[in-house]
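Examination of the molecular architecture
Now for the letters of each chain:
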Amino acid sequence: MSSSTPSSGDADRLHAPFRPVRGPLVSRVLGVVAVVLFTALAAFVVEQTVWDRLGFFVVGLAVMAFCEMQARVVAVPDERGLFVRNLVHRRRLEWAEVVGVSFGGGRPWVQLDLSDGDTLAVMGVQRADGDRGVAEADRLATLVALHTR
């Protein structure tokens, strides 16, 4: 049975969240390494006050928090549009606002062309993921085409 609309299972896979694979792993490992390194510095560097030691530890925690923000990038599609959570910014788009998807030119992540002439990076689809990143960019372009015709 052939149909122009995706089946329920296909639609679920098509509308699955976009998350990078390698980026979160690397970010979380670096965050832990930062806490361990700065804690070691706080413990073993001589002639420091308690406040200096606490400062080293807080810097390690701040680096870890930044790495966790990087690890949590995602783009979540649904029938109405796309929610994009990047490193700092979050944005909800209606499908009609997205006029194009590009992943070329050596960009590290997908770029959406918007109807107002602006662009929006989607860090949830990353070139670092290799062929999977390309497949995810194609899936996002398919979603845009499906919802904007």
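Scroll up to find the structure.
Residues numbered from 1 in each chain as written. Predicted model: local features only at pLDDT ≥ 70, side-chain atom pairs only at ≥ 80, totals over all residues. Heavy atoms only, no water.

A few words on the overall build of the protein chain. Helix and strand counts for the protein chain come out as 4 helices and 6 strands. Walking the protein chain from its N terminus toward its C terminus, one meets helices and strands in the order α-α-α-β-β-β-β-β-β-α. Taken over the C-alpha trace, the protein chain has a radius of gyration of 20 Å; the compact-globule value for 149 residues is 15 Å, which it surpasses by more than 25%. Viewed in the frame of its principal axes, the protein chain has a C-alpha envelope of about 75 × 35 × 25 Å. When burial is assessed residue by residue, the protein chain has 34% of its 149 residues classed as buried. Restricting to contacts in the protein chain with at least 6 residues of sequence separation, those with at least 24 account for 49%. Only carbon and sulfur atoms are counted for the fraction: they give 63% of the accessible area of the protein chain, which is about 8900 Å². Averaging the positions of the 16 positive and the 16 negative side-chain charges in the protein chain gives two centres separated by 3 Å. (Helix = DSSP H or I, 4+ residues; strand = E, 2+ residues; numbered from the N terminus. Rg over C-alpha atoms; globule rule 2.2 N^0.38 Å. Buried < 20%, exposed > 50% of the residue type's maximum accessible area, 1.4 Å probe, protein only. Contact = heavy atoms within 4.5 Å. Areas by Shrake-Rupley, 256 points an atom, 1.4 Å probe, with all protein chains shown as cover. Lys, Arg positive; Asp, Glu negative; His and termini not counted. Charge placed at Lys NZ, Arg CZ, Asp CG, Glu CD.)

What the 3 strands build is an open sheet, ordered β1-β2-β3; its pairing is antiparallel. Edge positions in the sheet fall to β1 (74–77) and β3 (90–94), since each of these pairs with one other strand and no more. Strand after strand, the sheet turns through a mean of 15° between neighbouring axes, direction not considered. For β1 and strand β2 (residues 81–85), the ladder comprises 4 bridges, and the chain directions are antiparallel. If you follow Val74 over to β2, its bridge partner there is Arg85. (Pairing = 2+ DSSP bridges. Axes fitted to C-alpha atoms, helices over the stretch in contact; angles between N-to-C directions.)

Across all of its chains, the model carries 1 aromatic pair by this definition. When the ring of Phe38 is compared with that of Phe56, the centres are 6.4 Å apart and the planes differ by 35°; the resulting orientation is tilted. One end of the pair, Phe38, is in helix α2 (residues 22–44); the other, Phe56, is in helix α3 (residues 50–71), and 18 residues separate them in sequence. Among the residues examined, Phe56 registers a relative accessible area of 26% and is labelled partly exposed. The side chain of Arg127 reaches across the aromatic face of Phe103, ending 4.2 Å from its centre. The ring of Phe18 has Arg139 sitting right over it, with the charged end atom 3.8 Å from the ring centre. (Phe/Tyr/Trp six-rings, centres within 6.5 Å; stacked < 30°, edge-to-face > 60°. Lys NZ or Arg CZ within 6 Å of the ring centre and 35° of its normal.)

Okay, the packing of α2 against α3 next. The packing of two helices is summarised by the inter-axis angle and the distance between the axes. Close contact between α2 and α3 brings their axes to 8 Å; oriented N to C, the two are set at 180°. As far as their axial angle goes, α3 and α2 are roughly antiparallel. Its residues assigned to classes, the contact of α2 with α3 shows 17 nonpolar, 5 polar and 3 charged. (Parallel < 35°, antiparallel > 145°, perpendicular 65-115°, else oblique. Nonpolar A, V, L, I, M, F, W, Y, C, P; charged D, E, K, R; others polar.)

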